[in-house]
Amino acid sequence: MSGSVPIAFSMLGDLFDAKDRNAASSGLTAMMGAGILLGQVYAGAVGESVGWKHPFYLSGALCIITALMVLYFVREPVRGGKERVLQEMIANGTKYDRKLTVNGFLHAMTQNKTNVVLMLQSFSTGVPWGIIFTFLNDYFAQEQGMSVAASTILIVWFGLGCAAGGIVGGTIGTKLQRINRSFLPLFMAFSTALGIIPFLGLLDLKLNGASFLAIFLSFIGPCVANLPSVNVRPCILNVNPPETRGAAMTAANLMVNVGRGAGPSIITLSQQFFNATRQYSFNLSLIVFWSITTLLLIVLAKTLPNDQDAMDAELERYAASKINSASIKEMGNEVLPTAMVDEINHGSNLERVMTNFDEMTLAGEESIISIEDRITSFDASALQESWTFIGGALREIAEASHLRNRPHYQVIVESEGDDDVL
């Protein structure tokens, strides 16, 4: 299932343009969160009566059903079909044929500043979420002294808050993206910092069961903290070309999972080596790592528009070269030499080929354009060359005629006795 997530979001990049990807991403994220929530509630409800294996059987059956539905109903979109700079190329019938390479992926992950920021942000924001997902239910029962039923109720509201945050975050992100692209990262930074406050209330306030305050904090905390999360994937889509998006999305998911795995380890190690309480470790980890995330998202406000413009410019150059290449091929072999047509067909640099073609046709007395100029433009130079040519031709004719009219002499030798007669 994890392998399908980057592909699904990469397909969103080919189904929606840059301004609508935030809303589309929030819808997909909300459905994923709803599925996780329903799965947890169902497993908790039937686990004691029918056994813990039953939810896994049901989950596996649903995965097979949905896989068949995808195979039958889902059609792969045109790669790059929603990129504005590729519209003309695709409309002319030319496909986007770039493929992912190792060097291309490494270049995108190291030279694209937005990718670097988002990878670091994925790790730093994942650490507190890993702690929360792993220990929050037990924290309610142990540190807050709640019953299992009260803890379960708060976890349900927690899941609803995550889903609501995803939907609201995507909606706000879409509107901000259309106003100014730098506003989106600033909104993400502000909501990340603001989300720390209700979580500290959940951790530090004395909550009496599933009270109104506990339910409010359980809902509003993940709702606010999840506002930026749904907008990260559209940012990755908007700064990576179509062939790199799936791999970049996979790298981001990997960083999130590494962060979520590191979070519980940090809590365990801090308790073991520094004798810190779980409450103190929770507070410190959440404040430190989400503060780092906030700073990274502020940096993103600068890098995101620049890298998106750079990607659009690169795709525009690619589309122009493909359109020009298609136009040249339509000229046929009568215009271009066979060697140049072969160079274009094998993906040579179009600009270099056209430069060579221009130099060949515009320079030299034997060039195509030079011959045409001699035919259509009769000037003094052309007159002199014509007389020179005619004079040479007349001389050759005269020489040939002189050779034909020269007298021929035949030597006859007669032999009479010892005397030779000439």
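All figures in this text were calculated on a predicted structure; none of them were measured in a lab. (Residues numbered from 1 in each chain as written. Predicted model: local features only at pLDDT ≥ 70, side-chain atom pairs only at ≥ 80, totals over all residues. Heavy atoms only, no water.)

What follows concerns the packing of aromatic side chains. Inspection of every chain in the model, using the stated rule, returns 13 aromatic pairs. Arranged with centres 5.9 Å apart and planes meeting at 45°, the rings of F135 and F282 form a pair that is tilted. You can see F135 sitting in helix α6 (residues 113-142) and its partner F282 sitting in helix α12 (residues 278-331), a full 147 residues away along the chain. Given the relative accessible area of 4%, F282 is considered buried. Look at F212 and F216: their rings are 6.5 Å apart centre to centre, the planes differ by 20°, and that puts the pair in the stacked class. In this pair, F212 and F216 are both assigned in helix α9 (residues 212-225), four residues apart and thus about one turn of the helix distant. We classify F212 as exposed; its relative accessible area is 71%. Feature note: the residues W129, F133, F158, F199 and W290 constitute an aromatic cluster, connected by ring pairs. (Phe/Tyr/Trp six-rings, centres within 6.5 Å; stacked < 30°, edge-to-face > 60°. Helix = DSSP H or I, 4+ residues; strand = E, 2+ residues; numbered from the N terminus. Buried < 20%, exposed > 50% of the residue type's maximum accessible area, 1.4 Å probe, protein only.)

Residue placement: L296 occurs in helix α12. When the C-alpha atoms of L296 and A189 are compared, they prove to be 8.0 Å apart, with 107 residues separating the residues in sequence. Non-local contacts of L296, meaning those with residues more than four positions away in its chain, are made with V117, L120, Q121 and S124. (Contact = heavy atoms within 4.5 Å.)

Note on pairing: side chains with opposite charge can pair once their charged atoms come close. The final tally for this structure, using the stated rule, is five salt bridges. Between R98 and E314 there is a salt bridge, with its nearest N and O atoms 3.1 Å apart. Pair noted here: R98 is in the loop between α4 (87-91) and α5 (102-111) and E314 is in helix α12, with a separation of 216 residues, a long-range link. Overall, the relative accessible area of 22% leaves R98 in the partly exposed class. Assessed through its relative accessible area of 33%, E314 is described here as partly exposed. Residues joined by salt bridges that share partners form a network here, namely D138, E143 and R278. (Salt bridge = Lys/Arg side-chain N within 4 Å of Asp/Glu carboxyl O.)

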